[in-house]
Amino acid sequence: MSLFSGTIQTLENSLDYASVKNKTIAHNISNADTANFKAKRVQFNDVLKNELSEQFQATRTNERHIPFSSNKSNIHITTDRSTMYNHNGNNVDIDKEMTELAKNQIYYQGLVDRINGKFNSLQSVIRGGN
């Protein structure tokens, strides 16, 4: 039996994505003045949707074996080589990066609030509804 029907695992994967994205954005910002630096981008949401739509099931050789599904994280970091904003070959747009950072922080906080709600529900059940 899975608690919350896999919701916790999905939230955990989403938190991993938000964390990697935050680190990548911080890396881009810190290299905004580095010559020939190319901004990195994190891709995950499309991969997550594909993973959720295609359920991976393991082969069970005995009915007493516990079923499981794929738990791999598919966070991809790509380099954006298609643009150049600065004369030194750098393509970090600081305004875009700051906007992405703010959006990611809101996304992360929403995930934390959601996972806290799930654990508060479990705590309420354990305490008998009090």
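Just so we're clear, the structure is a prediction, and the values are computed from it rather than from any experiment. (Residues numbered from 1 in each chain as written. Predicted model: local features only at pLDDT ≥ 70, side-chain atom pairs only at ≥ 80, totals over all residues. Heavy atoms only, no water.)

Chemist: Describe the overall build of the protein, with residues and values.
Modeler: Looking only at helices and strands, the protein has 3 helices and 2 strands in total. Mapped in sequence order, the helices and strands of the protein form the string α-β-α-β-α. In the protein, buried positions account for 25% of the 130 residues. Considering only intrachain contacts with a sequence separation of at least 6, the fraction spanning at least 24 residues in the protein is 77%. (Helix = DSSP H or I, 4+ residues; strand = E, 2+ residues; numbered from the N terminus. Buried < 20%, exposed > 50% of the residue type's maximum accessible area, 1.4 Å probe, protein only. Contact = heavy atoms within 4.5 Å.)

Chemist: Can you lay out unusual backbone geometry for me, pointing to particular residues and giving the numbers?
Modeler: Although it is not a glycine, asparagine 36 sits at a positive phi angle of roughly 60 degrees. Mapped onto the elements of the fold, asparagine 36 is located in the loop between α1 (7–30) and β1 (40–43).

Chemist: A description of the pattern of salt bridges should follow, citing residues and the corresponding values.
Modeler: Here the structure, examined in full by the defined rule, presents 3 salt bridges. Between glutamate 97 and arginine 41 there is a salt bridge, with its nearest N and O atoms 2.7 Å apart. Of this pair, glutamate 97 sits in helix α3 (residues 94–126) while arginine 41 is found in strand β1, placing the two residues 56 residues apart along the sequence. For glutamate 97, a relative accessible area of 1% puts it in the buried group. The class for arginine 41 is partly exposed, based on a relative accessible area of 22%. Across the salt bridge formed by lysine 103 and glutamate 100, the nearest N and O atoms sit 3.3 Å from each other. Here lysine 103 pairs with glutamate 100, and both are found in helix α3, just 3 residues apart, close to one helical turn. Its relative accessible area of 49% is what places lysine 103 among the partly exposed residues. (Salt bridge = Lys/Arg side-chain N within 4 Å of Asp/Glu carboxyl O.)

Chemist: Account for the side chain of lysine 21, naming residues and giving values.
Modeler: Within the element layout of this structure, lysine 21 appears in helix α1. Since its relative accessible area comes to 16%, lysine 21 is described here as buried. Apart from the residues within four sequence positions on either side, lysine 21 is in contact with Val42, Glu100 and Asn104.

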